[in-house]
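# A closer look at the structure
Residues per chain are reported as follows:
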Amino acid sequence: MNETQAVAGPDGLLRCPWGVSPEDYREYHDTEWGRPVRGDDELFERLCLEAFQSGLSWLTILRRREGFRRAFAGFSIATIATFTEEDATRLLADPGIIRNRLKIEATLANARVAAEWEPGELTELIWSHAPEAAGRPAPRKPGDIPATTDESTALSKALKRRGFRFVGPTTAYALMQACGLVNDHLADCHVRDAVAKEGGAQGS
């Protein structure tokens, strides 16, 4: 991302620079990123997609999102937990997803871990690491936004202690940004206030 403040999109509205184009990014930026997400399966999907994104463009993930949902049974934790070696082989041959063996195996293993938890436990664990909004100033430019925080490091460690894989601090912070635990829309981005009103965090 360029070290600039929010920039105008084709409709004249100010957005975070990464969310201006292409349209896939603009739609995701305006309607999803930073808005609060709760629910075990819903958060599991986001966590898996952030892990698959590691080392790739998020645009690559967005354009395969429906393929991921088809391949992974709508990211139902209970269903994925029953996947077999035959399913893993099927996934490795599926052109609709990112065919990375380690990430696929991690997704299946993480589902088996989460399936043993009480309903709502994954949601509670993730949201318990949301930082206090007070004292977190709105970022003015992309360079004001960290790649990791103390909270994302703590979340990463908590998930790893419970048996999760591919959940490093950077992946954990990307999850926190995407799911509204923090509000990292730039101060003059037109979406920032809407995200805050939906119950997302106020700060960076």
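Residues numbered from 1 in each chain as written. Predicted model: local features only at pLDDT ≥ 70, side-chain atom pairs only at ≥ 80, totals over all residues. Heavy atoms only, no water.

## Here's the deal with helix 9 (residues 150-161)
Here helix 9 is twelve residues long and its end C-alpha atoms lie 16 Å apart, about the 16 Å a rise of 1.5 Å per residue gives. Regarding helix 9, the residues found buried are Ser-152, Leu-155, Ser-156, Ala-158 and Leu-159. Taken down its axis, helix 9 places every buried residue within 165° of arc, on the same side. Turned more than 90 degrees away from the buried face of helix 9, the exposed residues are Asp-150, Lys-157 and Arg-161. Where the residues of helix 9 are buried, they touch helix 2 (40-53), helix 8 (121-127) and helix 10 (169-178). Taken from the residues just after helix 9, Gly-163 is the one with a positive phi, measuring 110°. (Helix = DSSP H or I, 4+ residues; strand = E, 2+ residues; numbered from the N terminus. Expected span 1.5 Å × (residues − 1). Buried < 20%, exposed > 50% of the residue type's maximum accessible area, 1.4 Å probe, protein only. Arc of directions from axis to C-beta. Contact = heavy atoms within 4.5 Å.)

## Thoughts on the nonpolar core
Within the largest apolar cluster, 56 residues are counted, with the highest numbers of intra-cluster contacts made by Phe-44, Phe-68, Phe-72 and Phe-164. Considering each element in turn, this core owes the most residues, six residues, to helix 2. If sequence neighbours within four positions are ignored, Phe-164 has contacts with Phe-44, Leu-47, Asn-110, Val-113, Ala-114, Trp-117, Leu-122 and Leu-159. (Core = buried A, V, L, I, M, F, W, Y, C linked by side-chain atoms within 4.5 Å.)

## Concerning the environment of Gln-177
Along the chain, Gln-177 falls in helix 10. Placed 141 residues apart in sequence, Gln-177 and Pro-36 show a C-alpha to C-alpha distance of 9.3 Å. In this view, Gln-177 contacts Trp-33, Gly-34, Ile-145, Val-182 and Asp-184; residues no more than four positions away in its chain are not counted.

## Considerations on unusual backbone geometry
The step from Ser-21 to Pro-22 runs through a cis peptide bond, and the omega angle for that step is 0°. Residue position: Pro-22 is located in the loop between strand 2 (14-15) and helix 1 (23-31). Its identity as a non-glycine residue notwithstanding, Ala-73 has a phi of 55°, on the positive side. You can see Ala-73 is positioned in the loop between helix 4 (65-71) and helix 5 (77-80). Phi is positive for Phe-166, close to 55°, though the residue is something other than glycine. Inspection of the secondary structure puts Phe-166 in the loop between helix 9 and helix 10. The exposure class assigned to Phe-166 is partly exposed, which follows from its relative accessible area of 34%.

## Quick notes on the packing of aromatic side chains
Aromatic ring pairs are reported here in terms of the distance separating the ring centres and the angle at which the planes meet. For the coordinates displayed, the defined rule picks out nine aromatic pairs. Plain terms: the ring middles of Tyr-28 and Trp-58 are 5.6 Å apart, the flat faces sit at 45° to each other, and that makes the pair tilted. In this pair, Tyr-28 sits in helix 1 while Trp-58 sits in helix 3 (residues 58-62), placing the two residues 30 residues apart along the sequence. A residue is classified by how much of its surface remains accessible, and Tyr-28, at 4% relative accessible area, is buried. Given the relative accessible area of 13%, Trp-58 is considered buried. Considering the side-chain rings of Phe-72 and Phe-75, the 5.6 Å spacing of their centres and the 20° angle between planes classify their relative orientation as stacked. Judged by relative accessible area, Phe-72 falls into the buried class, the value being 0%. (Phe/Tyr/Trp six-rings, centres within 6.5 Å; stacked < 30°, edge-to-face > 60°.)

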